[in-house]
Every structure is written in structure tokens, then in C-alpha cells.
Amino acid sequence: MLLAVTSLVIRAATVKDISSIVKIRLAALTEEEIRGFSAPESATYLSIAELRKAWSRRNRLTDDFEVLVAEAEGKLVGFIVFKMERDYGYIDNIVVSKKEQGKGIGSALVAYVEGIAKSKGCYLMKTDTTENANGVPWKAYSFWTRMGYEDSGKRLPTNYDFTEIPLIKRLK
Ligand SMILES: CC(C)(COP(=O)(O)OP(=O)(O)OC[C@H]1O[C@@H](n2cnc3c(N)ncnc32)[C@H](O)[C@@H]1OP(=O)(O)O)[C@@H](O)C(=O)NCCC(=O)NCCS
């Protein structure tokens, strides 16, 4: 898809981005929507206080992961959470502001992280999504397949009703 947002800037998240990150996450997904697809305690990006605490401990939002934000005309419109392992990159989470979805921002964030992976010599990307108890995949499943991520065919059990679907992409 063509990027329908002019002047998109992708950069590392800073402490000043915390309230915008939480606002984007809160507005993008309701509790009702994610019920049956996500663990209740996995909503790391829902609390300004928690993210500030994390930042003050280690000057970054998470222990193992990097957080990048996308900014359009000075306004935060999305974020992506990922890490680089020795042989592959792993995307843990991605959220685009509700109003800005469908404009190519999600794909730009994913492409950016894939570029980092390639620059570090990794030619494999991994991520995952979930499937509820009725076998319905989370709505982002189609986004991932559109982005070239293949369903591993595995359905990994969790402590909840949903299973985890590992997704994988070989970078060219
Ligand atoms: C998933 C998400 C990050 C996609 O970001 P986005 O900026 O809307 O995606 P893009 O505009 O870059 O779309 C890229 C392609 O994926 C497709 N796509 C995006 N969301 C889709 C969806 N829910 N269903 C089907 N296709 C989708 C687009 O149509 C586009 O395809 P095209 O190139 O053929 O036009 C965004 O919808 C979001 O934040 N969702 C809520 C949070 C979430 O579910 N995160 C993923 C956790 S696993």
C-alpha cells in the first residue's frame, strides 16, 4: 500500500512519548474487543504510571525490547515493540492510532524494523497473534499475512482460552 501520510518519522521512544503511547493503545483497542484474544495482565501499554516506573528504572520502556514510535506532522500515530535475537527479529506488539489506521503506518513500522533486522544480518522475522476459543484469529492476522508473515500452522496453548499463532517471514 502507498503511504497516505506525509512526513512520517520513525524514531526511538522517549519518556516524553509515554502519555501518547498509552492514549493510542487505549483508543485503538477496547477491553471488549480483546476479550478472548489476550491475557488480562498483558496490557503493558495501558498505564502511564507503569511505563513511567519502567522508564525511571532503566531509561527505557522495557527490559528486553526496543520501542519505536511513528510521528506524522509532529503527532504520535503509532508504536512498535521488538527485539533482535542473534538470528532473527521478533515483533512483540504494534499499535496504530485508531484514526490513522489503513494509511500505511503499520506497514511502514514493520518495514522499518525489518530493515534493522537485515542491517544486523538477520534474515528471519517472527511475531505472533492469537486465536480465540472458537478458532477465530485476532483481526490483525490478515495484516500480518498481508505483510508476508506466514502462519506456522502451530496453535500454542496459553493459560487462557486463546491459543498463540507463531508467524514467520523470511526477509529477502
Ligand atoms: C494491525 C495494525 C497495526 C495495522 O496498521 P495499519 O496502519 O492500519 O496498517 P496498514 O495501513 O499499513 O495496512 C497494511 C496492509 O494490511 C492490511 N490490513 C491492515 N489491517 C487489516 C485488518 N485488520 N484486516 C485485513 N487487512 C488489514 C491493509 O489493508 C493493507 O493492505 P494493502 O497494502 O493491500 O492495502 C492496526 O490496525 C492496529 O493498530 N490494530 C490494533 C492493534 C493490533 O491488533 N495490533 C497487532 C497485535 S498482533
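Here's the deal with the packing of helix H1 (residues 18-28) against helix H3 (residues 48-58)
- Where H1 contacts H3, the two axes come as close as 9 Å, and the packing angle between them is 140°. The angle between H1 and H3 falls in the class oblique. Here H1 runs over H3; the crossing is right-handed. Residues Ile18, Ser19, Ile21 and Val22 of H1 lie in contact with H3, whose contacting residues are Ile48, Leu51, Arg52 and Trp55.

Brief notes about the site of the ligand
- Neighbouring the ligand are 21 residues, the closest being Ile94, Val96, Ser107, Trp138 and Arg146.
- Here an oxygen atom of the ligand sits 2.8 Å away from a polar atom, N or O, in the main chain of Gly102.
- Lys103 is positioned with one of its backbone polar atoms (N or O) 3.2 Å from an oxygen atom of the ligand.
- When the ligand sits alone it has 910 Å² of accessible area, and the protein chains cover 77% of it.
- One can see that the ligand is located within the largest pocket.
- Taken together, the elements giving at least two residues each to the shell around the ligand come down to strand S4 (89-96), helix H4 (105-119), strand S5 (124-131) and helix H5 (141-146).
- Per-element tally for the shell around the ligand: the top contributor is H5, with 4 residues.
- Its residues placed into classes, the shell around the ligand shows 10 nonpolar, 7 polar and 4 charged.

Conventions we followed
- Residues numbered from 1 in each chain as written.
- Predicted model: local features only at pLDDT ≥ 70, side-chain atom pairs only at ≥ 80, totals over all residues.
- Heavy atoms only, no water.
- Axes fitted to C-alpha atoms, helices over the stretch in contact; angles between N-to-C directions.
- Helix = DSSP H or I, 4+ residues; strand = E, 2+ residues; numbered from the N terminus.
- Parallel < 35°, antiparallel > 145°, perpendicular 65-115°, else oblique.
- Left-handed = near helix turned anticlockwise from the far one by under 90°.
- Contact = heavy atoms within 4.5 Å.
- Near = heavy atom within 4 Å.
- Polar contact = N/O pair within 3.5 Å; in protein donor to acceptor, adjacent residues only side chain to side chain.
- Areas by Shrake-Rupley, 256 points an atom, 1.4 Å probe, with all protein chains shown as cover.
- 1 Å grid on protein atoms, 1.4 Å probe; cavity = no way out; pocket = protein on both sides within 12 Å on 5 of 7 lines; lining within 4 Å.
- Sits in = over half its atoms within 2 Å of the grid points.
- Nonpolar A, V, L, I, M, F, W, Y, C, P; charged D, E, K, R; others polar.

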